[in-house]
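Structural characterization, general
Below, each chain spelled out in residue letters.
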Amino acid sequence: MDCVEQTDTNAEAPSVIDRYFTRWYRADMKGKPCEDHCILQHSNRICVVTLAETHPILQDGRTIKSINYQISNGCSRLNNKVSGKSKRGGQFLTDFAPLCRITCSDETEYTIYSCIRGRLLEVNENILETPDLLLEKPSTEGYIAVILPKFEESKSITENLLTQEEFEKRVSERPRSQRS
Amino acid sequence: MLPLKEKDKPIIQKLLSAGCCARCVLRFCCLSVHAAYRQPPQETLKELQAFVTEKESSKVQHSSTTENNKSHDAAASETLGGPPSKRAKLEPSEAAAESEENAAAAVITWRNEEESRVCVVCLGILQGLCGAEQAAKIAEAVKKGNYEFDTLVLSVSLPAQLCVREHSCWLHVKKEVREKGLALTKDDVIQVKEAFKWTMQGLVAKQLGGIAVVTKSSFEVGVEFTHPETDSDCHFLAKSCPDCFKPTKNKQSAFTRMAVVKALEKISDAKFLEHYPCPPAHPSSSCTPQDVQCLHVSVFIAGRYNKFCRSLPQTPWLIDGERRMESSVEELIAAPILSAFRADGFNFSSSGREDVDVRTLGNGRPFAMELLNPHRSRFSKVEMMQLQETINKSSDKIRVRDLQIVTREAMSHMKEGEEEKTKSYRALIWTQKPIQSEDITFIDDIKDLTLDQKTPLRVLHRRALAIRQRVIHSMNTRFVDSHHFYLGLKTQAGTYIKEFVHGDFGRTKPNMCQLLKTDTDILELDVESVDVDWPPAIPE
């Protein structure tokens, strides 16, 4: 019977991400060691781009100096606007489209990329005011951007990405010096 | 006696020679006496012929009787050799004096062949297809449908090319009709549809044992005729009026009746006559009647439903065309209703909707259904109550109350209420940090908390991205244990509760995580009430 009431309040319930999203990873983005990205894909195909826990920005108690969505003179992700159900007008992104540049207080700069093809729906403006969100909750409130893949590409866009299992294996194979 | 006037004579003569049937002749005489169409067409024809020849005789009598007889004899012998259409073609080239005589001759020939001839204008619709035999067929189809009805309206669908033929025939007698009455136009010609209905309504009514066939009824019986042989009649119009015939997604052919009528309004008489014979050419076959279509107008049903199950979607849940759950609220409710009303299908709508894992308790959620083509439509209050019982006995996952028949207009009350009314919920909340009962009491004091909700990621694929302001009017808490409590909420309709609790990546602000300064999540959600006062409650 599928109507049995279950109120097992002691069990640790799966988190929101576990319930509705699949985690995909891009390791060593553009050949830069440990610049790992994590893509959360909702069952409705919407993708949230986040920093993987292993990203250098999140290591060694670093702090963020600035986050810049202005990726070139002519293009700022902050100007992105979509309208209507069909999300007209959003910037179209390819795998290696930069989303933002993050500068740490030690002046190292990192570029965060889209990792998947799709239409940019929104960027997270909350992290501009509160950069610590990025450090404290990188996979939820500290997300970078929301992307809507094309309907017909919603399966194929993750083909080049690693599954959680593959990613964990990849991380465990890294030389000790690269691991946190 | 047909109420015809002297000035109808040239019209009748011209039309009979052109190969028009008796009823079509009456139509072009703008005769709107229904009884004239009801009488057998053979009789009408005889009367018409008598009418034109009698006048002819009285006219010719002025010269000499023998001459008159001669001309009759000559005409009769002459026409044995050739069909009247030849005569009709010759007519315009002949001298005006001769034409009258020839017309009379053609009329007589017509008498001989009239049984086998299909009318050039109505393509047989007002001939063999408009009589007791056809009425019996219609009545049989209606009886077979086993509908419950007091009255019916007869609707007729004609092939589009009939308009072209009608136009051609109109141009043929335009001058004569104008002479009959200055104010008469093409619109005064009785339409084939009208003539058909005037003739058939009484016959169909009789076959159905005295059911009233009226002009407005909730039960429609549709008769359709096609005539593939002459479908190409319309095609020349596409060249002269290409903008009238744009290919449409749903229609099989661009030559719809509407498009053809529009094109005929635009085209000049000269251009029409260049491309189309006037009068129209003789067809070799009569129209084909299609299956009789019976359609009862929709019946609307409303009520409230409870959903007691956390694995039941409101509507069938399909992913990539495959079913995710075996049933749904709407299917459980609809099945008994469809079989009681013997309807072909339904459209379900409700005042908002709940997720698959959310229960709807209390008085339930208002819903309404449009029942398509119901074969039965009248139910007493007692019968509706029994139907409700049947639904409730069929499943323990749902329950229905206040089930009633409503009007189409009343359904809008439900959608009006959707945005402005309030809804009450109960949620089981998990907190990451341990809590004590006093840690959550402050929540009870929060009143009219306005949220800024970005369209939840969960629905962003089908809703526009926006920040919507929604108000939580009040909340109350019940402590369960160090990581759990029950949260009651009374909110403005359209508030996303799950996102208020977990925050949706910080996209709903403020959220429960911020209020409690710890991660929170929602484990269970129930709708306790949907405060829309429609449909009216029905005492059990």
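Residues numbered from 1 in each chain as written. Chains lettered and ligands numbered in written order. Predicted model: local features only at pLDDT ≥ 70, side-chain atom pairs only at ≥ 80, totals over all residues. Heavy atoms only, no water.

By the naming in an unreviewed UniProt entry, chain B goes by tRNA pseudouridine synthase Pus10 and is assigned to Kryptolebias marmoratus.

The name recorded for chain A in an unreviewed UniProt entry is Protein Abitram, from Kryptolebias marmoratus. We quote the UniProt Sequence similarities (unreviewed entry) comment for chain A here in full: "Belongs to the ABITRAM family." (UniProt positions renumbered as here; feature names shortened; annotations may be inferred.)

Glancing now at the overall build of chain A. When you go through chain A residue by residue, the secondary structure sums to four helices and ten strands. In chain A, the order of α-helices and β-strands from amino to carboxyl end is α-β-β-β-β-β-β-β-β-α-α-β-β-α. Computed over its C-alpha atoms, the radius of gyration of chain A comes to 17 Å, within 12% of the 16 Å expected for a compact globule of 180 residues. Residues counted as buried form 51% of the 180 residues belonging to chain A. For chain A, the proportion of contacts with a sequence separation of at least 24, taken over those separated by at least 6, is 59%. In chain A, the 24 positive side-chain charges and the 27 negative ones have mean positions that sit 8 Å from each other. (Helix = DSSP H or I, 4+ residues; strand = E, 2+ residues; numbered from the N terminus. Rg over C-alpha atoms; globule rule 2.2 N^0.38 Å. Buried < 20%, exposed > 50% of the residue type's maximum accessible area, 1.4 Å probe, protein only. Contact = heavy atoms within 4.5 Å. Lys, Arg positive; Asp, Glu negative; His and termini not counted. Charge placed at Lys NZ, Arg CZ, Asp CG, Glu CD.)

With that out of the way, let us pick up the pairing of strand β9 (residues 145-148) of chain A. All names here are of chain A. Burial of β9 is two-sided: the residues A145 and I147 facing one way and the residues V146 and L148 facing the other way are all buried. Note: strand β3 (residues 47-51) against β9, three bridges, orientation antiparallel. The residue bridging V48 from the neighbouring strand is V146, located in β9. (Pairing = 2+ DSSP bridges.)

Contact residues are listed per partner, giving 34 residues for chain B and 36 residues for chain A. Interface of chain B and chain A: buried area, both sides summed, is about 2,700 Å²; carbon and sulfur atoms make up 53% of it. Counting every contact that joins chain B to chain A gives four salt bridges. Of the charged contacts, one joins A:K137 and B:D519 as a salt bridge, the two residues approaching to 3.0 Å between their closest N and O atoms. For the pair chain B and chain A, the interface holds nine residue pairs in polar contact (both at pLDDT 80 or more). Taken together, the elements giving at least two residues each to the side of chain B that touches chain A come down to β12 (422-431), β15 (484-492), α18 (497-502) and β17 (520-530) of chain B. Ranked by the residues each element gives to the side of chain B that touches chain A, the list is headed by β17(B), at four residues. The residue inventory of the side of chain B that touches chain A, partitioned by class, reads 13 nonpolar, five polar and 16 charged. (Buried area = accessible area lost by both parts, 1.4 Å probe. Salt bridge = Lys/Arg side-chain N within 4 Å of Asp/Glu carboxyl O. Polar contact = N/O pair within 3.5 Å; in protein donor to acceptor, adjacent residues only side chain to side chain. Nonpolar A, V, L, I, M, F, W, Y, C, P; charged D, E, K, R; others polar.)

Residues and elements named next belong to chain B. Remark: helix α14 (residues 329-341) packs on helix α15 (residues 381-394), axes separated minimally by 9 Å, with the N-to-C direction vectors making an angle of 140°. Considered as vectors, α14 and α15 are oriented oblique to each other. α14 and α15 meet at a crossing whose hand is right-handed. Judged by residue contacts, L332, I333, P336, I337, A340 and F341 of α14 engage M384, L387, T390, I391 and S394 from α15. Counted by class, the contact of α14 with α15 contains nine nonpolar, two polar and no charged residues. (Axes fitted to C-alpha atoms, helices over the stretch in contact; angles between N-to-C directions. Parallel < 35°, antiparallel > 145°, perpendicular 65-115°, else oblique. Left-handed = near helix turned anticlockwise from the far one by under 90°.)

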